[in-house]
Amino acid sequence: MAFQKSASLKGSETEYQVSEQCKKYTLRDNNFVETKIGNFHYEQLVHPTFNDPRTVKLIIKVKKDLSGLDLNVTQANGLRTVDLYHDEKFESFIEPVDFILHHMVQEHVLTRLEEEE
């Protein structure tokens, strides 16, 4: 698996990287699970609304030395990557996924990269 210094969700122009303030215990405090090889893995099923049965899975992976990141949104079974931003079927998932990513920024797990103009 190739980790990148910065990553974005498929179809999104917003890029994120691991926060400089992030420590391994910060990841554990935010429900990341340490894998056998030491990387950190976060999975969250996301519903567009509280009582909607449709779901997608947000997956965030962080390299064990906190230097790399991988972001992905898949179907609930985790087999196919979905594009929330360019597929009308998944438009309703944008707000809850962005909420989770914003929470990760507030908790100093991720840093949102500002676009350079």
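Just above, that's the structure.
Residues numbered from 1 in each chain as written. Predicted model: local features only at pLDDT ≥ 70, side-chain atom pairs only at ≥ 80, totals over all residues. Heavy atoms only, no water.

**Q** Looking at this model, I keep getting lost on the sheet that holds strand 4 (residues 40-46). Mind explaining?
**A** Pairing between the strands of a sheet is mediated by backbone hydrogen bonds and can be parallel or antiparallel. Across the sheet, four strands lie side by side as 3-4-5-6; this open sheet has antiparallel pairing. The open sheet terminates on both sides in strands that have one partner only, identified here as strand 3 (33-34) and strand 6 (69-75). Note that strand 3 and strand 4 share two bridges and pair antiparallel. Bridge pairing in strand 4 links Glu 34 to Phe 40. Of the strands in this sheet, strand 4, strand 5 (56-62) and strand 6 touch helix 2 (residues 94-106), which is tilted by about 145° from strand 4. (Pairing = 2+ DSSP bridges. Helix = DSSP H or I, 4+ residues; strand = E, 2+ residues; numbered from the N terminus. Contact = heavy atoms within 4.5 Å. Axes fitted to C-alpha atoms, helices over the stretch in contact; angles between N-to-C directions.)

**Q** It is not clear to me how the nonpolar core should be interpreted in this structure. Could you clarify?
**A** Nonpolar side chains in soluble globular proteins tend to be buried together. Residues Phe 32, Leu 58, Ile 60, Val 62 and Leu 69 are the most contacted members of the largest nonpolar core, which totals 29 residues. Here the element with the most residues in this core is helix 2; it accounts for five residues. When neighbours within four sequence positions are excluded, Phe 32 is seen to be in contact with Leu 27, Phe 40, His 41, Tyr 42, Ile 60, Val 62, Met 104 and Val 109. (Core = buried A, V, L, I, M, F, W, Y, C linked by side-chain atoms within 4.5 Å. Buried < 20%, exposed > 50% of the residue type's maximum accessible area, 1.4 Å probe, protein only.)

**Q** Teacher, can you tell me more about helix 2 here?
**A** For an α-helix the count is 3.6 residues per turn, leaving residues at separations of three or four pointing the same way. In this model helix 2 runs 18 Å from its N-terminal to its C-terminal C-alpha over 13 residues, within 8% of the 18 Å that 1.5 Å per residue would give. Of the residues making up helix 2, those classed as buried are Ile 94, Pro 96, Val 97, Ile 100, Leu 101 and Met 104. For helix 2, the elements touching its buried residues are strand 2 (15-18), strand 4, strand 5, strand 6 and strand 7 (110-113). With its phi angle positive at about 65°, His 108 sits one or two positions after the end of helix 2. (Expected span 1.5 Å × (residues − 1).)

**Q** When you look at the environment of Asn 77 in this model, what are you seeing that I'm missing?
**A** By secondary structure assignment, the location of Asn 77 is in the loop between strand 6 and helix 2. Considering only alpha carbons, one finds Asn 77 and Thr 55, 22 residues apart in sequence, at a separation of 9.3 Å. Polar side-chain contacts of Asn 77 include one of 3.0 Å to the backbone nitrogen of Leu 79. (Polar contact = N/O pair within 3.5 Å; in protein donor to acceptor, adjacent residues only side chain to side chain.)

**Q** Sorry if this is basic, but what is going on with the pairing of strand 4 here?
**A** Along any regular strand, the residues point their side chains to alternate faces of the sheet. Where strand 3 folds back on strand 4, the antiparallel hairpin that results is connected by five residues, among which Gly 38 adopts a positive phi of roughly 100°. In this sheet, strand 5 lies alongside strand 4 in antiparallel orientation, the contact comprising seven bridges. Along strand 5, the bridge assignment pairs His 41 with Lys 61.

**Q** Would you mind going over the pattern of salt bridges with me for this structure?
**A** Within the structure shown, the criterion is met by three salt bridges. For Arg 28, the salt bridge goes to Glu 34, with nearest N and O atoms at 3.1 Å. The class for Arg 28 is partly exposed, based on a relative accessible area of 43%. Judged by its relative accessible area of 39%, Glu 34 falls in the partly exposed class. The residue Asp 52 makes a salt bridge to Arg 54 at a minimum N-O spacing of 3.0 Å. A relative accessible area of 17% places Asp 52 in the buried class. Relative accessible area serves as the criterion here: at 37%, Arg 54 is assigned to the partly exposed category. (Salt bridge = Lys/Arg side-chain N within 4 Å of Asp/Glu carboxyl O.)

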